Amino acid sequence: CAARCDGDVGQPLRRATQGVCMARIEWVKQRLENWALWHERGRGGGLGFSKQSAFLRECVDGGRDEGARVPVDEVDASVTHQAVESLKLGSGHLYKTLQLIYLRGVGVKRAAVEMHRAESTIKAQLEQADAKLAAWFGERQRQQQAARTAYEQSATQTATHRSFTT
C-alpha cells in the first residue's frame, strides 16, 4: 500500500479507495500460495495428470524429484481455484492480478507494467482480492453450515417419525 500502515495493524479492513491501507489477509494469502503450487504441479504432467503421485510422493514418470517438496493440500487448492475463478466476472482486474502474481510469478513491478497500473494499485488489488476471496470463503462456509443443519433436522424428524410408527 502506498500509505504507511503504522498503528493500523489488527484494525478491521478498510477500503483502499478511502486512502487507508488494507493489510493482506494472511490466511487468504497462504491459500493462494498453496493454489499456485497446486497449479504449477498440475501443469507439470500430461493430460491433466501430475508428474508426482499424491499418495506416494514419488515421481510417476520415472524422473527424479530434486530437493524437498512442499506438500500441497489438494482439496484446499481446488476450493481456492473455484474462489479465484469466481472473480472472472465482475472483478476481472483482480482475477488477472492474481493470475500474474501467483500463477505466472511476475511480481508486483512486472504486473504493474503488464496491467499499465501503478505498483500501489497492484498492491491495493491484491488486498481487494483477499477481501473478496475471504467473503467468498465465508459465504461458502455459511452455505455448508446451513445445508448441514437442514440435513440434521431432516434426519431428526425422520428418526422421530419412525419411532412413532413402529
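Note that the structure is predicted; figures quoted are calculated from it, not measured. Sequence order as written defines the numbering, with residues in each chain counted from 1. Only residues with pLDDT of 70 or above have their local features reported here, since the model is predicted, and side-chain atom pairs are shown and tallied only from 80 upward, although totals for entire chains, interfaces and linings are computed over all residues. As a convention, hydrogens and water are excluded, and side-chain values are obtained from all of the structure's heavy atoms.

(A) Seen up close, the overall build of the protein chain. Along the protein chain, the regular secondary structure elements total five helices and zero strands. Taken from N to C terminus, the helices and strands of the protein chain fall in the order α-α-α-α-α. Burial here depends on accessible area, computed with a 1.4 Å probe over protein chains only, as a share of the maximum for the residue type. Under 20% is buried, over 50% is exposed, and the range in between is partly exposed. When the 166 residues of the protein chain are sorted by exposure, 27% land in the buried category. We call two residues in contact when some of their heavy atoms are within 4.5 Å. Within the protein chain, contacts between residues at least 6 apart in sequence are counted, and of these 56% link residues at least 24 apart. Residue burial considers only the protein chains on display, and all accessible areas are found by Shrake-Rupley using a 1.4 Å probe. With an accessible surface of roughly 11,200 Å², the protein chain has 53% of that area assigned to carbon and sulfur atoms. A run of DSSP states H or I qualifies as a helix once it reaches four residues; a run of E qualifies as a strand once it reaches two. Both are numbered from the N-terminal end.

(B) Structural detail: the packing of aromatic side chains. Each pair of aromatic rings taken from Phe, Tyr and Trp, with Trp reduced to its six-membered ring, is defined by centres within 6.5 Å and is described as stacked if the planes are under 30 degrees apart, edge-to-face if over 60, and tilted in the remaining cases. Counting across every chain of the model gives two aromatic pairs. For the pair W136 and F137, a centre-to-centre distance of 5.3 Å together with 85 degrees between the ring planes defines the contact as edge-to-face. When its relative accessible area of 23% is taken as the criterion, W136 is described as partly exposed. Judged by relative accessible area, which is 9%, F137 ranks as buried.

(C) How the structure looks around helix α2 (residues 74-85). To estimate the expected span of a helix, count its residues, drop one, and scale the result by 1.5 Å. Across its twelve residues, α2 extends 16 Å between first and last C-alpha, which sits within 8% of the 16 Å expected from 1.5 Å per residue. Considered for burial, the residues of α2 that qualify are D76, A77, V79, T80, A83 and V84. The buried residues of α2 all sit within an arc of 165 degrees when viewed along its axis, so they share a single face. Counting of polar contacts relies on pairs of N or O atoms within 3.5 Å, with two restrictions inside protein: one atom must be capable of donating a hydrogen and the other of accepting it, and residues adjacent in sequence are counted only when both atoms are side-chain atoms. Sitting at the head of α2, D73 places a side-chain oxygen 3.2 Å from the backbone nitrogen of V75. What the arc covers is the set of directions going from the helix axis to the C-beta atoms.

(D) Representation of the pattern of salt bridges in the model. Every case where a carboxyl oxygen of Asp or Glu lies within 4 Å of a side-chain nitrogen of Lys or Arg is listed as a salt bridge. According to the stated counting rule, one finds six salt bridges in the structure shown. Residue D130 pairs with R24 through a salt bridge whose shortest N-O separation is 2.5 Å. Separated by 106 residues along the polypeptide, D130 in helix α5 (residues 119-165) and R24 in the segment before α1 (26-43) bring together distant segments of the chain. By relative accessible area, which is 0% here, D130 ends up buried. Across the pair R104 and E114 runs a salt bridge, and its minimum N-O distance is 2.9 Å. Here R104, found in the loop between α3 (92-103) and α4 (107-115), pairs with E114, found in helix α4; they are ten residues apart in sequence, far enough to count as distant.

(E) Looking closely at the nonpolar core. Ranked by internal contacts, the top residues of the largest apolar core, which has 25 residues, are L32, V84, L98, Y102 and L133. Counting residues per element, the ones that place at least two in this core are α1, α2, α3, α4 and α5. Here the element with the most residues in this core is α3; it accounts for seven residues. Beyond its immediate stretch of four places on either side in the chain, L32 contacts R24, T80, V84, L98, Y102, D130 and L133. We call a set of buried residues a nonpolar core when its members are Ala, Val, Leu, Ile, Met, Phe, Trp, Tyr or Cys and they connect through side-chain atoms within 4.5 Å of each other.

(F) Here's a closer look at the packing of α3 against α4. Interhelical geometry of α3 versus α4 gives an angle of 135 degrees and a closest axis separation of 9 Å. The angle between α3 and α4 falls in the class oblique. Read as a crossing pair, α3 and α4 show a hand that is right-handed. Touching H93, K96, T97, L100 and I101 of α3 are G107, V108, A111, E114 and M115, all from α4. Geometry is summarised by axes, namely lines fitted to C-alpha atoms with helices restricted to the contacting stretch, and by angles between N-to-C directions that run from 0 to 180 degrees. In these notes the angle categories are as follows: under 35 degrees is roughly parallel, over 145 is roughly antiparallel, 65 to 115 is roughly perpendicular, and the rest is oblique. By definition, turning the near helix anticlockwise from the far helix through less than a right angle yields a left-handed crossing, and turning it clockwise yields a right-handed one.

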